[in-house]
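# Residue-level structure breakdown
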Amino acid sequence: MDVDNTLLLPNCEHKTDIKTPFLIGVAGGTASGKSTVCKKIMEQLGQADMDQAQRQVVTIGQDSFYRELTTAEKAKAQKGLFNFDHPDAFNENLMYDTLQEVLKGRIVKVPCYDYRSNSLDHENKLTIYPADVVLFEGILVFYFPKIRDLFHMKLFVDTDSDTRLARRVPRDINERGRDLDAVLTQYMTFVKPAFEEFCSPTKKFADVIIPRGADNTVAIDLIVQHIRDFLNNRSRYGSTTNINHDNTNGIG
Ligand SMILES: [N-]=[N+]=N[C@@H]1[C@H](O)[C@@H](CO)O[C@H]1n1ccc(=O)[nH]c1=O
């Protein structure tokens, strides 16, 4: 007897059958390997022989949500005197609204951040299409409670601070046009204290803490398998999540 696996979902008005992406938050200190962890997860999921077409997996960077600086703040930033590691440097409401759109399966456009001019480049925005898995990575993605509560899975990339500094110095000099003195001053004045005050305390919210970051292939394989199971189960039992627009039942 073949069992009909289709879940009979409660009938309610104004339903919208959309695919709610599996939303993953990836936090960690600067240069901890967040982006590399995201890249590896995307690669492994993309290559997976899923029972459906190629999985769509995208990454959004929190740096795309740095708030616009005033002229005075821009002048300070050019001199390395602005704290980009403080939660106030980010546009929390825009982050929240954008992630809500992503969760509704909508196309969103996010500006790219230009580290050289310390500003958002609104000309060439990044278009994020509806995906099965969306990774949102940044130093403070778990700092804001209403954003933290949106994630289906939370990862914290836990790399030693000396390793992170050793990576950060050449990156800032070569890719972001800084000189050694400026990089070290900024690190000691802003990056290190802000990591200890705002980033490191958010480790407790993580579901999985990844020591050694992207080098930790066992951790990444486990995470990819968990995501794969979620996607395969969802596609087997109806990959839709009904959003009850009139919210009569009040369940989000
Ligand atoms: N300065 N500093 N540290 C922040 C933070 O550690 C990291 C966040 O990804 O990017 C760095 N950052 C951000 C904006 C900017 O214009 N320059 C810059 O170096």
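From a predicted model like this one, the values you see are computed outputs, not experimental measurements. Counting restarts for each chain, with residues numbered from 1 along the sequence as it is written. Only residues with pLDDT of at least 70 get local features here, since the model is predicted, and only at 80 or more are side-chain atom pairs given and counted; chain-wide, interface and lining totals rely on the full set of residues. As a rule here, side-chain values cover all heavy atoms of the structure and leave hydrogens and water aside.

### Focus on the pairing of strand 7 (residues 153–158)
Regular strands place their side chains on alternate faces of the sheet. Selection rule: Buried means the residue's accessible area, taken with a 1.4 Å probe over protein chains only, is under 20% of the maximum for its type, while exposed means over 50%, and partly exposed covers the values in between. Strands here mean DSSP runs of E at least two residues long; helices mean DSSP runs of H or I at least four residues long; both are numbered from the N terminus. A pair of strands is treated as paired once DSSP finds two or more bridges between them.
Within strand 7, five of the six residues are buried, which leaves the element mostly enclosed by the surrounding structure. Judged from the five bridges that link them, strand 2 (residues 22–28) and strand 7 form a sheet pairing that is parallel. Following the sheet pairing, Val26 is matched in strand 7 by Leu155.

### Examining the packing of aromatic side chains
Filter applied, for reference: When the centres of two rings from Phe, Tyr and Trp lie within 6.5 Å, Trp using its six-membered ring, the rings pair. Their planes under 30 degrees apart give stacked, over 60 give edge-to-face, and anything left gives tilted. Comment: the charge-over-ring label is applied if NZ (Lys) or CZ (Arg) is within 6 Å of the ring centre and within 35 degrees of the ring normal.
Throughout the structure, instances matching the rule amount to 12 aromatic pairs. With centroids separated by 5.8 Å and ring planes inclined at 70°, the aromatic side chains of Phe65 and Phe136 adopt a geometry described as edge-to-face. Taken as a pair, Phe65 in the loop between strand 3 (57–61) and helix 2 (71–78) and Phe136 in strand 6 (residues 133–137) lie far apart in primary sequence, 71 residues in all. Members of the aromatic cluster, each reached through a chain of ring pairs, are Tyr66, Phe82, Phe84, Phe90, Tyr113 and Tyr115. A cation over a ring is seen here: Lys146 above Tyr96, with NZ or CZ 4.8 Å from the ring centre. The aromatic ring of Phe195 is capped on one face by Arg164, whose charged end is 4.2 Å from the ring centroid.

### Comments concerning the environment of Arg228
Mapped onto the secondary structure, Arg228 falls in helix 7 (residues 217–236). Here the alpha-carbon distance between Arg228 and Gln44, two residues 184 residues apart in the chain, equals 9.8 Å.

### Observations regarding the pattern of salt bridges
Basically, it comes down to this: We define a salt bridge as a contact between a side-chain nitrogen of Lys or Arg and a carboxyl oxygen of Asp or Glu at a distance within 4 Å.
The tally for this structure, following the rule as stated, stands at 10 salt bridges. Linking Lys39 and Glu43 is a salt bridge whose minimum nitrogen-to-oxygen distance equals 3.7 Å. Of this pair, Lys39 and Glu43 both sit in helix 1 (residues 34–47), four residues apart, which is roughly one turn of that helix. On the accessibility criterion, Glu43 (39% relative accessible area) is partly exposed. Put simply, Arg168 and Asp172 hold a salt bridge, and the shortest N to O gap is 2.6 Å. With Arg168 and Asp172 both in helix 5 (residues 161–174) and four residues apart, this pair spans about one turn of that helix. For the pair formed by Arg168 and Asp172, the shared burial category is buried.

### Considerations on the site of the ligand
Rule in force here: Here a residue counts as near a molecule or strand whenever at least one of its heavy atoms sits within 4 Å of it. N or O atoms closer than or at 3.5 Å make up a polar contact, with two conditions inside protein: a donor-capable atom paired with an acceptor-capable one, and, for residues adjacent in sequence, both atoms drawn from side chains. In this description, accessible areas are obtained by the Shrake-Rupley approach with a 1.4 Å probe, and a residue is regarded as covered only by the protein chains that are shown. Polar here means any residue outside two lists: the nonpolar Ala, Val, Leu, Ile, Met, Phe, Trp, Tyr, Cys and Pro, and the charged Asp, Glu, Lys and Arg; Gly therefore counts as polar.
By nearness alone, 13 residues border the ligand, and Asp63, Asp85, Tyr113, Asn118 and Gln186 come closest of all. Here Asn118 contributes a side-chain N or O atom positioned 2.7 Å from an oxygen atom of the ligand. Contact between the ligand and Gln186: a nitrogen atom at 2.7 Å from a side-chain N or O atom of the residue. Expressed as a share of its isolated accessible area of 410 Å², the protein-covered part of the ligand is 97%. Class assignment for the residues of the shell around the ligand results in five nonpolar, three polar and five charged.

### With respect to helix 5
To be explicit about the condition: To estimate the expected span of a helix, subtract one from its residue number and multiply by 1.5 Å. The contact criterion used is simple: two residues touch if any of their non-hydrogen atoms lie within 4.5 Å.
Between its first and last C-alpha atoms helix 5 spans 20 Å; for 14 residues at 1.5 Å apiece the expected length is 20 Å, and the two agree. Where helix 5 is concerned, the buried positions are Arg164, Arg168, Val169 and Asp172. On its buried face, helix 5 sits against helix 6 (180–199).

### Focus on the sheet that holds strand 8 (residues 208–211)
Here is the rule: Each axis is a line fitted through C-alpha atoms, and for a helix only the stretch in contact is used; angles between axes span 0 to 180 degrees, taken between their N-to-C directions.
An order of 3-6-2-7-8 is seen for the five strands of this open sheet, with the pairing classed as parallel. At either margin of the open sheet sits one strand with a lone partner, and together these are strand 3 and strand 8. Neighbour to neighbour, the strand axes of the sheet diverge by 20° on average, direction disregarded. Strand direction decides the pairing type here: strand 3 and strand 6, joined by five bridges, are parallel. Note on strand 6: the bridge partner recorded for Thr59 is Leu135.

### Overview of a nonpolar patch on the surface
This is how the line gets drawn: What makes a patch is a set of residues exposed beyond 30% relative accessible area and free of salt bridges, joined within 9 Å when like-charged and within 5 Å when nonpolar (Val, Leu, Ile, Met, Phe, Trp, Tyr).
Where nonpolar side chains cluster on the molecular surface, the patch consists of Ile173, Leu180 and Leu184 and spans about 220 Å² of accessible area. By secondary structure assignment, the location of Ile173 is in helix 5. On the basis of relative accessible area, Ile173 is assigned to the partly exposed category, the value being 31%.

Functional significance is not addressed by these values, which are geometric in nature.
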